[in-house]
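# Coordinate inspection notes
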Amino acid sequence: KISNSIVGGFSGGPAKVAVVASALEGMVSGSSVANTVGSGSVTIPLMKKTGYKPEFAAAAEASASTGGQIMPPIMGAAAFLMAENIGVPYSNIVVRAILPACLYFLGVFIAVHLEAKKEGLRGLSREELPKFLPLLKQSYLLLPLILLIALVGSGSRSIAYAAAIAIIAAIVVGLFNKENRITPKRIWEALAAGGQGMITVAAACGVAGVAVFPIFAFK
């Protein structure tokens, strides 16, 4: 909603919403698949509605969502493997990834802007845009994200500790969210989704271990 309120009214607004929303969502997911499903289900129909070709709408969302894997502070499994294999604190990798990630999303943003100008596409009407000031009343929902960024960026705590605190904060915040209140069933579904997400991380770590084993074995 924040992304839509800020850039939805500009030329080719829905595509720019996809870029901004994917950048924000990538900060907490680190997954291109989750990013595409989360924001793409909203932005792709909006892009098609405002005149973007279906293939370009899908490409814009896929490109923006892919950047979620390199958007600090979470990023993808590769960032954790880098920290483990080269022996530097994860917080250092997070800091060094900020500029490349921002440049990536800026490049995608410019690309969709040029396409919108080329096709003469307009943004959403003012009536279709969510009001920004009422959204400020829901700004407490960003507390888990702020805590996560602060803890990871400071490097004073481990990644596991930062993640645990952010999860607890998300549960507490969810109790106050009247529109989408968290329930025991949703907590159970989140635990199941977390277990499924661990499969890809475990597979990446396992393959990386096999790849680097000969290097250490023959030292």
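It should be emphasised that the depicted structure is a prediction, and the values quoted were computed from it without experimental measurement. In this numbering scheme, every chain counts its residues from 1 along its sequence in written order. Confidence filtering applies because this is a predicted model: local features only for residues at pLDDT of at least 70, side-chain atom pairs given and counted only at 80 or more, and all residues used for totals across whole chains, interfaces and linings. Side-chain measures were taken over the full set of non-hydrogen atoms in the model, leaving aside hydrogen atoms and water.

## Quick word on the packing of aromatic side chains
Only the six-membered ring of Trp is used, alongside the rings of Phe and Tyr, when aromatic pairs are assigned; centres must lie within 6.5 Å, and planes under 30 degrees apart are stacked while those over 60 apart are edge-to-face, with the rest tilted. Summed over all chains, the structure comprises two aromatic pairs. Where Y52 meets F56, the ring centres are 5.4 Å apart and the plane angle is 5°; that geometry is what we call stacked. For Y52, a relative accessible area of 4% corresponds to the buried category. Relative accessibility thresholds used throughout: buried, under 20% of the residue-type maximum; exposed, over 50%; partly exposed, between the two (1.4 Å probe, protein chains only).

## So, the confidence of the model for the protein
Averaged over every residue, the pLDDT of the protein is 82; the share at 70 or more is 96%. Note: pLDDT gives the predictor's confidence per residue, expressed from 0 to 100. By definition, any uninterrupted DSSP run of H or I lasting at least four residues is a helix, any uninterrupted run of E lasting at least two residues is a strand, and each is numbered from the N terminus. Per-element averaging of pLDDT across the protein places helix α5 (residues 77–86) at the bottom with 75 and helix α4 (residues 54–66) at the top with 89.

## Quick notes on the nonpolar core
One finds A15, V19, M47, Y52, M71, F105 and V112 to be the most contacted residues of the largest nonpolar core, which totals 18 residues. Of all the secondary structure elements, the ones that give two or more residues to this core are α2 (13–29), α4 and α6 (90–119). Residues are treated as being in contact if the distance between any of their heavy atoms lies within 4.5 Å. Not counting residues within four places of it along the chain, the set of residues in contact with V112 comprises A15, K16, V19, Y52, F56 and A60. Take the buried Ala, Val, Leu, Ile, Met, Phe, Trp, Tyr and Cys residues and link them wherever side-chain atoms come within 4.5 Å; each set so joined is a nonpolar core. Ranked by size, the runner-up nonpolar core spans 13 residues in total, among them A83, A97, V152 and A162.

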